[in-house]
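# Chains, contacts and geometry: an overview
Chain residues, written in single-letter form:
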Amino acid sequence: MTILSHFDHPVDDAQHAFRRILKALSEPGVLVSLPHSMGWQPLTPAATSILLTLADQETPLYLEAPLNSDSVQQNLRFHTGAPLVASSSDSSFALFSNAITEKQIANCPVGSELSPEHSATVIVQVDSLHQGVPLRLHGPGIEHRRTVAPQLPTSVLNYLLNRPAAFPAGVDFLLTCGENLMAIPRTTYVEVC
């Protein structure tokens, strides 16, 4: 087993990453950077930071096949203790590559009106958080409107535009590219500019 690097300063970096993730979730569409500079290949540094910060023994984690290497599995178990699940339908967190499909999103738990906390947080490693389809965001955490243009997979864009689960159910998206993170939670309304 090869133990890969965790945070350089575990307590301080984890606290910093947690605050940055909260900022991204509370201000949808804002870009934040996360402190893990290397990442566990094939995970981006931001995805690695998110998992090191949020995953624990009580958060079942699903890793899509291209991201599910033995090394990543072993290090997640060692550093976080998060149980790895074989299906995203059993997950609290689900990590996908840019090739995520509509079926994969639909398989993620969305919670219910009475238990929205039983939904999954979907982490997607995208090619870029710029130069995609311009989107207008509005809702909690956005004073008026915010325009963003991440290069989203078609499946994610369709989900965000159509939101098949009625609020408060639904999934929250954490979009990562390199060390950067952008969040689009279920509370955010999305439309194409």
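Residues numbered from 1 in each chain as written. Predicted model: local features only at pLDDT ≥ 70, side-chain atom pairs only at ≥ 80, totals over all residues. Heavy atoms only, no water.

## Some points on the overall build of the protein chain
Helix and strand counts for the protein chain stand at five helices and nine strands. The order of helices and strands in the protein chain, counted from the N terminus, is α-β-α-β-α-β-α-β-β-β-α-β-β-β. Relative to the 2.2 N^0.38 estimate, which gives 16 Å for 193 residues, the radius of gyration of the protein chain is 16 Å and therefore close to what a compact globule would have. By principal-axis analysis of the C-alpha atoms, the protein chain measures approximately 45 × 30 × 30 Å. Side-chain charges in the protein chain split into 10 positive and 17 negative, and the spacing between the mean points of these groups amounts to 7 Å. (Helix = DSSP H or I, 4+ residues; strand = E, 2+ residues; numbered from the N terminus. Rg over C-alpha atoms; globule rule 2.2 N^0.38 Å. Lys, Arg positive; Asp, Glu negative; His and termini not counted. Charge placed at Lys NZ, Arg CZ, Asp CG, Glu CD.)

## Looking at helix α1 (residues 10–26)
For α1, spanning 17 residues, the distance from its first C-alpha to its last is 24 Å, which sits close to the expected 24 Å at 1.5 Å a residue. All of the buried residues in α1 are Asp-13, Ala-17, Ile-21 and Ala-24. In a view along the axis of α1, the buried residues occupy a sector of 70 degrees, so they form one face of it. Structural note: α1 exposes Val-11, Asp-12 and Arg-19 on the side pointing more than 90 degrees away from its buried face. Buried residues in α1 make contact with β1 (32–33), α2 (45–54) and β8 (180–184). (Expected span 1.5 Å × (residues − 1). Buried < 20%, exposed > 50% of the residue type's maximum accessible area, 1.4 Å probe, protein only. Arc of directions from axis to C-beta. Contact = heavy atoms within 4.5 Å.)

## Details of the pairing of strand β5 (residues 135–138)
The side chains of a regular strand alternate, residue by residue, between the two faces of the sheet. The alternating pattern of β5 places Leu-135 and Leu-137 on a buried face and Arg-136 and His-138 on a face that is not buried. Two elements, β5 and strand β6 (residues 146–148), share three bridges in a ladder whose sense is antiparallel. For Arg-136, the partnering residue across the bridge sits in β6 and is Thr-147. Bridge count for β5 against strand β9 (residues 189–192) is four bridges, and the pairing is antiparallel. Residue pairing across strands places Leu-135 opposite Val-192, the latter belonging to β9. (Pairing = 2+ DSSP bridges.)

## Let's talk about the confidence of the model for the protein chain
Here the protein chain shows a mean pLDDT of 92. Residues at 70 or above account for 97%. Of all secondary-structure elements in the protein chain, the lowest mean pLDDT belongs to helix α3 (residues 70–79), at 89, while strand β4 (residues 121–125) reaches the highest, 98. (pLDDT = per-residue confidence, 0-100.)

## Notes on the sheet that holds β1
Read from one edge to the other, the open sheet built from six strands follows the order β1-β8-β7-β4-β3-β2, with strand pairing classed as mixed. Looking along the sheet, the strands with just one partner apiece sit at the ends: β1 and β2 (61–63). Sheet analysis places β1 next to β8, joined by two bridges and oriented antiparallel. The residue bridging Val-32 from the neighbouring strand is Leu-181, located in β8.

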